[in-house]
2 protein chains.
Amino acid sequence: MGLMGTSIAVSLLASGHRVIALAPIPGEKEKAYDQFIDLLQHMDKAGMLKSDTKTYLDAVTLVEDYRALIECKLVLECVIEDMDIKKSVYHKISEVVTADTVIASNTSAIPISQLQLLVPYPERFLGIHWAEPAYMTRFLEVTCGTFTDPKIADEVVSLALEWEKEPTLLKRDIRGFITNRLMYAVYREALSLIEMGHTTVGDADKACRYDMGSWVTLMGIFRRMDFMGVDDFIYSFRRLFPQLSNRTDVPPLIKTIMENNGRGIHNQMGFYNYSEEEAKDWEEAFADFNEKMYHLASDYNEHKLGLVRDSK
Amino acid sequence: MGLMGTSIAVSLLASGHRVIALAPIPGEKEKAYDQFIDLLQHMDKAGMLKSDTKTYLDAVTLVEDYRALIECKLVLECVIEDMDIKKSVYHKISEVVTADTVIASNTSAIPISQLQLLVPYPERFLGIHWAEPAYMTRFLEVTCGTFTDPKIADEVVSLALEWEKEPTLLKRDIRGFITNRLMYAVYREALSLIEMGHTTVGDADKACRYDMGSWVTLMGIFRRMDFMGVDDFIYSFRRLFPQLSNRTDVPPLIKTIMENNGRGIHNQMGFYNYSEEEAKDWEEAFADFNEKMYHLASDYNEHKLGLVRDSK
């Protein structure tokens, strides 16, 4: 029941589920309860709740004991990215739950195919990867491991639609899943351009904010090409692909930040420097901006636009 | 004075400039004038004009004859991407303008270093690349060719700030400039993942819309890493860079679209299929969405947030 756990629990509560929230560390229950109140009030203010916050609070049971999980049809694990800790957690879960329970991990670092070997029914184990804040983002990645039953994955995708998510389904747990791999391709090219002296951190951010940023939430990348004219892109593919960075090493710029123990806004040292106040400003700006984008993305949801069709 | 030319002219008018708009093709002047009225009314409705539309219309002079350019300090070329046509246009411009006039191209296809050889004062020639619609996007790329005087580029960047743009400065005209190269890195990885059967066009679009889309306009990519914790990223760089696509060929999926003469929404065939009505819906949705994003991006402008600082 850390940042992510409470955030996911609240998302499920808001979708009308009963939630058994496991907080086995001493003192964790009380903190988690306060956090539930804060997050539900945030949702309420944003107009995302159908009933009053009390109704949702009544639907959550905060427990310290794994045995309470016996009632659950779906168990979501979001402990830290440590194989040994996950192993011990899965063991405790498996001792309690029934054979038809689905177990899912929020991991973004460890392959699902490895994790599912740690439970008695690997076919009922898969990845459900949320974005932060889980209750106010539409993104959700469902990832199958080698042994996951595809039917279970389809069921989870249907469930995610009920949670008002826009789930993507990854049939094989390739490293980095979809969204991370796409982002790392951008990071690689941007860091190489900076290293060659062609651009700066600030200019690369501007290009992303004001070019990509003006259309990506509406269209994604493929519909954008359709919109601009696919034929124009083909010629550029031919010309530009051979010129893109193919590096496999960690670029010096990010190495230097690491050597200086820069962690970003958390210790005010990263690609940019921050005062303590500026770091706080960014936290607040993101919370506020994310809420606006959540609503904007809903207004331009394909279903609402009457633009439902199948992609090839 | 096509789509882009009128759009750029209106952006300059709204910034308080006098504009000489060259429309040498018979009948072009009348169409351009109507377009000016439409675009200014659009800006007015969006609350982007300080005076009434008539004031701005009075500041534009529509001409057929290149000789009118003699008054201009800055000449912006945005004819089609054809070297011979550009050459003839630059010749006509150069015959008229004075030695201290800056000439700029909106090209995104032809290197500035090649184009600047076609004018008598290459040091006063550079790229100014606008996004569509030019009067309602903040993006603007200033690109130097080999012979461009850096001082001229700095002057244009200052000017662009007065136009309320967020200009980026590219000191060498590498292929694809900054924003295109970053996007092509994403396209390459996404098309490879689809080809390997790991994801679909629709899911890649969802990942971009609902993950990247929820933060990129606020932060760009580097501040996002600062925000999430740079240290987490370094380990993923090491693990993921060696797994990203390095292909140089045109992916089969886009080749197939080309072989079927698919051009996207323009002929209703692209990565997705469209009915005529759906294609129109997307045009309208984009115009509407872009306007909202323009205002949202302004509200979260770094200067307004009090978050001005220098990037490394």
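Scoring rules and cut-offs
For every chain, the first residue of its written sequence is number 1, and the numbers climb from 1 along that sequence. Each chain takes a letter, starting from A, and each ligand takes a number, starting from 1, following the order in which they are written. With pLDDT at 70 or above as the cut-off, local features in this predicted model cover only qualifying residues; side-chain atom pairs require 80 or more to be listed or tallied, and sums for whole chains, interfaces and linings still use all residues. A run of DSSP states H or I qualifies as a helix once it reaches four residues; a run of E qualifies as a strand once it reaches two. Both are numbered from the N-terminal end. Based on C-alpha atoms, the radius of gyration is set beside the globule rule, defined as 2.2 Å times the residue count to the power 0.38. Think of it as a crowd count around each C-beta: if 20 or more other C-beta atoms lie within 10 Å the residue is buried, if 12 or fewer it is exposed, and in between it is partly exposed, with C-beta placed from the backbone throughout. Note: two strands are recorded as paired if DSSP finds a minimum of 2 bridges between them. Every axis corresponds to a line fitted to the C-alpha atoms, with the helix fit spanning only the stretch in contact, and the corresponding angles, defined between N-to-C directions, vary from 0 to 180 degrees. By the criterion used throughout, residues are in contact when their C-beta atoms, derived from the backbone, lie within 7 Å. When residues are sorted by character, Ala, Val, Leu, Ile, Met, Phe, Trp, Tyr, Cys and Pro go into the nonpolar class, Asp, Glu, Lys and Arg into the charged class, and all the rest, Gly among them, into the polar class. What sets the superposition is a least-squares fit of C-alpha atoms, and only residues with pLDDT of at least 70 in both copies go into it. Definition of nonpolar core: a set of buried Ala, Val, Leu, Ile, Met, Phe, Trp, Tyr and Cys residues joined via C-beta atoms within 7 Å. In this analysis, the expected span of each helix is defined as 1.5 Å times one less than the number of residues it contains. For any pair of crossing helices, the crossing counts as left-handed if the nearer helix is rotated counterclockwise from the farther one by less than a right angle, and right-handed if it is rotated clockwise. Roughly parallel refers to an angle under 35 degrees, roughly antiparallel to one over 145, roughly perpendicular to one between 65 and 115, and oblique to any angle outside these ranges. As used throughout, domain bounds are those supplied by an automatic or database domain assignment.

Right, let's talk about the overall build of chain A for a bit. Assigned secondary structure in chain A consists of 13 helices and seven strands. Relative to the compact-globule value of 20 Å for 312 residues, chain A shows a C-alpha radius of gyration of 21 Å, a close match. Principal axes of the C-alpha set define a box for chain A whose edges measure 60 × 50 × 40 Å. Across the 312 residues of chain A, 44% fall into the buried class.

Once that is clear, we can look at the sheet that holds strand β4 (residues 102–105) of chain A. Residue and element names in this part refer to chain A. Here we have five strands laid out as an open sheet, ordered β3-β4-β5-β6-β7, and mixed in their pairing. The outermost strands of the open sheet, each flanked by one partner alone, are β3 (74–77) and β7 (166–170). With strand direction ignored, the average angle separating the axes of adjacent strands in the sheet is 25 degrees. Relative to strand β6 (residues 139–144), strand β5 (residues 125–130) runs antiparallel, the two sharing five bridges.

Turning our eyes to something else, we now look at the interface of chain A and chain B. Across the contact, 102 residues belong to chain A and 102 residues belong to chain B. Going through the elements one at a time, β7, α7 (177–195), α8 (201–210), α9 (216–228), α10 (230–240), α11 (252–259) and α12 (276–299) of chain A are the ones with two or more residues in the side of chain A that touches chain B. In terms of residue count, the dominant contributor to the side of chain A that touches chain B is α7(A) (14 residues). In terms of residue class, the side of chain A that touches chain B is made up of 52 nonpolar, 26 polar and 24 charged.

Bringing the relation of the copies chain A and chain B into the picture now. Between the two copies, chain A and chain B, the superposition gives an RMSD of 0.0 Å; the rotation angle is 180 degrees and the shift along the axis is 0.0 Å. On this basis, the relationship between the two copies can be described by a two-fold rotation axis. Both copies contact each other with a shared surface, as 100% of the interface residues of chain A are interface residues in chain B too.

Another point: the nonpolar core. Within the largest apolar cluster, 181 residues are counted, with the highest numbers of intra-cluster contacts made by A:A204 and B:A204. Leaving out residues up to four positions away in the same chain, B:A204 has contacts with A:I178, A:G220, A:I221, A:F222, B:A190, B:L193, B:I194 and B:T199.

Residues and elements named next belong to chain A. You can see E30 is positioned in helix α2 (residues 28–45). The exposure class assigned to E30 is exposed, which follows from the 11 C-beta atoms found within 10 Å. Note: C-alpha distance between E30 and E291 (261 residues apart in sequence) is 27 Å.

Our next topic: the environment of B:M196. Assignment of secondary structure puts B:M196 in the loop between α7 (177–195) and α8 (201–210). Separated by 139 residues in sequence, B:M196 and B:L57 place their C-alpha atoms 54 Å apart.

All names here are of chain A. For α7, spanning 19 residues, the distance from its first C-alpha to its last is 27 Å, which sits close to the expected 27 Å at 1.5 Å a residue. Most of α7 is tucked away: 17 of the 19 residues are buried. Directly after α7, the chain includes G197, whose backbone phi takes a positive value near 80 degrees.

Right, let's get into the packing of α9(A) against α8(B). Direction vectors running N to C along α9(A) and α8(B) enclose 145 degrees, while the axes themselves pass 7 Å from each other. The interaxial crossing formed by α9(A) with α8(B) has right-handed handedness. On α8(B), the residues that touch A:V216, A:T217, A:G220, A:I221, A:F222 and A:R223 of α9(A) are B:V201, B:A204, B:D205, B:K206, B:C208 and B:R209. In terms of residue class, the contact of α9(A) with α8(B) is built from six nonpolar, two polar and four charged.

For the rest of this paragraph, the subject is the packing of helix α1 (residues 3–14) of chain B against helix α2 (residues 28–45) of chain B. Residue and element names in this part refer to chain B. Closest axis-to-axis distance for the α1/α2 pair is 10 Å, and the angle between their directions is 55 degrees. Accordingly, the angle class assigned to the pair α1 and α2 is oblique. For the crossing formed where α1 meets α2, the hand is right-handed. Where α1 abuts α2, its residues T6, S7, V10 and A14 lie against A32, Q35, F36, L39, L40 and M43. Residue composition of the contact of α1 with α2, by class: seven nonpolar, three polar and no charged.

We now examine unusual backbone geometry. Along the chain, A:E132 connects to A:P133 via a cis peptide bond; the corresponding omega equals -10 degrees. When you line up the elements, A:P133 lands in the loop between β5 and β6. Backbone geometry places B:N261, a non-glycine residue, at a positive phi of 60 degrees. Within the secondary structure, B:N261 sits in the loop between α11 (252–259) and α12 (276–299). Classification of B:N261 by C-beta neighbours within 10 Å gives exposed; the count is 10.

Moving on, we get to the sheet that holds strand β4 (residues 102–105) of chain B. Read across the sheet, five strands follow the order β3-β4-β5-β6-β7 (chain B) without closing on themselves; strand pairing throughout is mixed. If you trace the sheet from one side to the other, it starts and ends with β3 (74–77) and β7 (166–170) of chain B, each paired once. For this sheet, the mean angle separating the axes of adjacent strands, direction not counted, is 25 degrees. Running at roughly 135 degrees to β7(B), α8(A) makes contact with β6 (139–144) and β7 of chain B of the sheet. Across the face of the sheet, helix α6 (residues 150–162) of chain B comes into contact with β4, β5 (125–130), β6 and β7 of chain B while running at roughly 170 degrees to β6(B).

Residues and elements named next belong to chain A. Split by domain assignment, chain A resolves into domain 1 (2–175) and domain 2 (178–305). Once you take the C-alpha centre of each, domain 1 and domain 2 turn out to be 28 Å apart. Contacts between the two partners involve eight residues from domain 1 and, on the opposite side, seven residues from domain 2. Per-class residue counts for the side of domain 1 that touches domain 2 are three nonpolar, three polar and two charged.

It is worth spelling out the environment of B:V216 at this point. With respect to the secondary-structure elements, B:V216 resides in helix α9 (residues 216–228). Distance in space between the C-alpha atoms of B:V216 and B:N267 is 30 Å, their sequence separation being 51 residues. Sequence-distant contacts of B:V216, defined by excluding residues within four places in its chain, comprise A:C208, A:R209, A:M212, A:G213 and A:V216.

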